[in-house]
Amino acid sequence: AAAAAAEARDEGEYKHGEAGSSAAAPSRGSPASASDLIYVRTCLAEAEAATRAQRKLAVMENYTRLADHFGARHQAKTALYFRTKAAEVARLTDDVLEEPKALLSLGVTELAEGEAHRAVRTLEGCLDLVSEHMRATDVKPGVADQLTAMRSKAHSLLLEAYAPRAASQGTDVPPQLHGALW
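Since the model is a prediction, treat every value here as computed from it, not as a measurement.

Undergrad: Now, about the overall build of the chain: what can you tell me, with residues and values included?
TA: Across its full length, the chain carries eight helices and zero strands. The secondary structure elements of the chain, listed N-terminal to C-terminal, are α-α-α-α-α-α-α-α. Looking at the chain residue by residue over its 182 residues, the buried ones come to 37%. Long-range pairs, those at least 24 residues apart, make up 53% of the contacts in the chain with a sequence separation of at least 6. Summing over all exposed atoms, the chain offers an accessible surface of approximately 10500 Å²; the carbon and sulfur share of this is 54%.

Right, dumping it as C-alpha cells:
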C-alpha cells in the first residue's frame, strides 16, 4: 500500500510538472497520507472528466479545491500551481465573475508566496478585467456589486504588494496606482 501511495504521488508530481519536488507532500519530510492521496486523485479525476465533457466551471472548481487543499497544508508551490491552472481555465469561461475571482485568488496566493512582482501583474490584470466588465452596459446590479468588491480587494492587495517595494526604494506608492485608488 505504501508503494502504491508513493507511486501515485510520483505520478501526480510528474503529470503536474513537479517531478523531484517535495511540494506534493503535506509537510516536508513526511509522506502524504492515504486520505490526502485519495482526495487529490479524486479531484484530478473529476477535473479530467469535466475537461472531457467540456464543463469548464467544474474543472476550475476542482483546481480551486486542490489549491485550497495544498494551501491548508502549507504547500504553497503546489497551491500556486493549481491557482494558476484555475485562472487559465477561468479565462476560457464566459462567466463575468469567474476570471476576475480566479485572478484575485491567484494574486493572493502569489503575495503569500512572496512573489510580489507576479502578484502585481496578476492583480493589475484583475483590475483591468473588472473595469472592462463594469463598462459593459448589460451588467446586472448583483454582479456589479461583486465586481466592485473584487476591485476594492485587488486595490488593497496592490497596496500591500507595493508597500515593501516602495519602502525598500524609499519611494511612495506609484502615482498611477495612487490616482486609481483615491
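Undergrad: Quick rundown of helix H4 (residues 76–91)? Include the residues and the values.
TA: In this model, H4 (16 residues) spans 22 Å end to end at C-alpha, consistent with the 22 Å of a helix rising 1.5 Å per residue. If you check which residues of H4 are buried, you get Thr78, Ala79, Leu80, Phe82, Arg83, Ala86, Ala87, Val89 and Ala90. The secondary structure elements touched by the buried residues of H4 are helix H2 (34–52), helix H3 (56–72), helix H5 (98–112) and helix H6 (116–135).

Undergrad: Hey, could you go over H2 for me, with residue numbers and the actual values?
TA: Between its terminal C-alpha atoms H2 stretches 27 Å, which fits the 27 Å expected from 19 residues at 1.5 Å a residue. Taken as a whole, H2 has its buried residues at Asp36, Leu37, Val40, Cys43, Ala47 and Ala50. Projected down its long axis, H2 shows its buried positions confined to an angular sector of 165 degrees, all on one face. Exposed residues on H2 whose side chains face more than 90 degrees from its buried face are Ala34, Ser35, Arg41 and Arg52.

Undergrad: Give me the lowdown on the packing of aromatic side chains, citing residues and values where you can.
TA: Summed over the entire model, instances satisfying the criterion amount to three aromatic pairs. A centroid spacing of 5.1 Å and a plane angle of 80 degrees characterise the contact between tyrosine 81 and phenylalanine 82, whose relative ring orientation is edge-to-face. When its relative accessible area of 2% is taken as the criterion, phenylalanine 82 is described as buried. In textbook terms, an aromatic cluster arises when at least three aromatic residues are bridged by ring pairs, as seen for Tyr63, Phe70, Tyr81 and Phe82.

Undergrad: Let's hear about the pattern of salt bridges: which residues, and what values?
TA: On inspection of all chains with the given rule, the structure shows nine salt bridges. A salt bridge links arginine 73 to aspartate 36; the shortest N-O distance between them is 3.2 Å. Here the residue arginine 73 occupies a position in the loop between H3 and H4, and aspartate 36 occupies one in helix H2, the gap between them amounting to 37 residues. According to the relative accessible area criterion, aspartate 36 is buried, its value standing at 10%. With a shortest N-O distance of 3.6 Å, arginine 118 and glutamate 110 are connected by a salt bridge. Look at arginine 118 and you get partly exposed, because its relative accessible area is 31%. What you see here is one network of salt bridges that share partners, running through Glu110, Glu115 and Arg118.

Undergrad: Report on the nonpolar core, specifying residues and quantitative values.
TA: By size, the foremost hydrophobic cluster in this structure holds 38 residues, and its most contacted members are Tyr63, Leu66, Leu104 and Leu123. For leucine 66, the residues in contact, after removing those within four places along its chain, are Val40, Cys43, Leu44 and Phe82.

Undergrad: Which residues make up the packing of H3 against H4, and what values do they have?
TA: Between H3 and H4, whose axes approach to 8 Å, the crossing angle comes to 165 degrees. The pairing of H3 with H4 is recorded here as roughly antiparallel in orientation. Of the two elements, H3 crosses H4, and the hand of that crossing is left-handed. Taking contact as the criterion, the partners of Lys56, Val59, Met60, Tyr63, Thr64, Leu66, Ala67, Asp68, Phe70 and Gly71 in H3 are, on H4, Thr78, Ala79, Phe82, Arg83, Lys85, Ala86, Val89 and Ala90. In terms of residue class, the contact of H3 with H4 is built from eleven nonpolar, three polar and four charged.

Undergrad: An account of the confidence of the model for the chain is requested, with residue identities and associated values reported.
TA: Reading fine detail from the predicted coordinates is not recommended where pLDDT is low. In the predicted model, the chain carries a mean pLDDT of 79, and 72% of its residues have values of at least 70. For residues 1–27, every residue scores under 50 in pLDDT, and the model assigns this stretch 36 contacts once sequence neighbours within four places are set aside. Within the model, the stretch residues 178–182 combines pLDDT values under 50 with five contacts to residues more than four positions away or in other chains.

Calculation notes
Residues numbered from 1 in each chain as written. Predicted model: local features only at pLDDT ≥ 70, side-chain atom pairs only at ≥ 80, totals over all residues. Heavy atoms only, no water. Helix = DSSP H or I, 4+ residues; strand = E, 2+ residues; numbered from the N terminus. Buried < 20%, exposed > 50% of the residue type's maximum accessible area, 1.4 Å probe, protein only. Contact = heavy atoms within 4.5 Å. Areas by Shrake-Rupley, 256 points an atom, 1.4 Å probe, with all protein chains shown as cover. Expected span 1.5 Å × (residues − 1). Arc of directions from axis to C-beta. Phe/Tyr/Trp six-rings, centres within 6.5 Å; stacked < 30°, edge-to-face > 60°. Salt bridge = Lys/Arg side-chain N within 4 Å of Asp/Glu carboxyl O. Core = buried A, V, L, I, M, F, W, Y, C linked by side-chain atoms within 4.5 Å. Axes fitted to C-alpha atoms, helices over the stretch in contact; angles between N-to-C directions. Parallel < 35°, antiparallel > 145°, perpendicular 65-115°, else oblique. Left-handed = near helix turned anticlockwise from the far one by under 90°. Nonpolar A, V, L, I, M, F, W, Y, C, P; charged D, E, K, R; others polar. pLDDT = per-residue confidence, 0-100.

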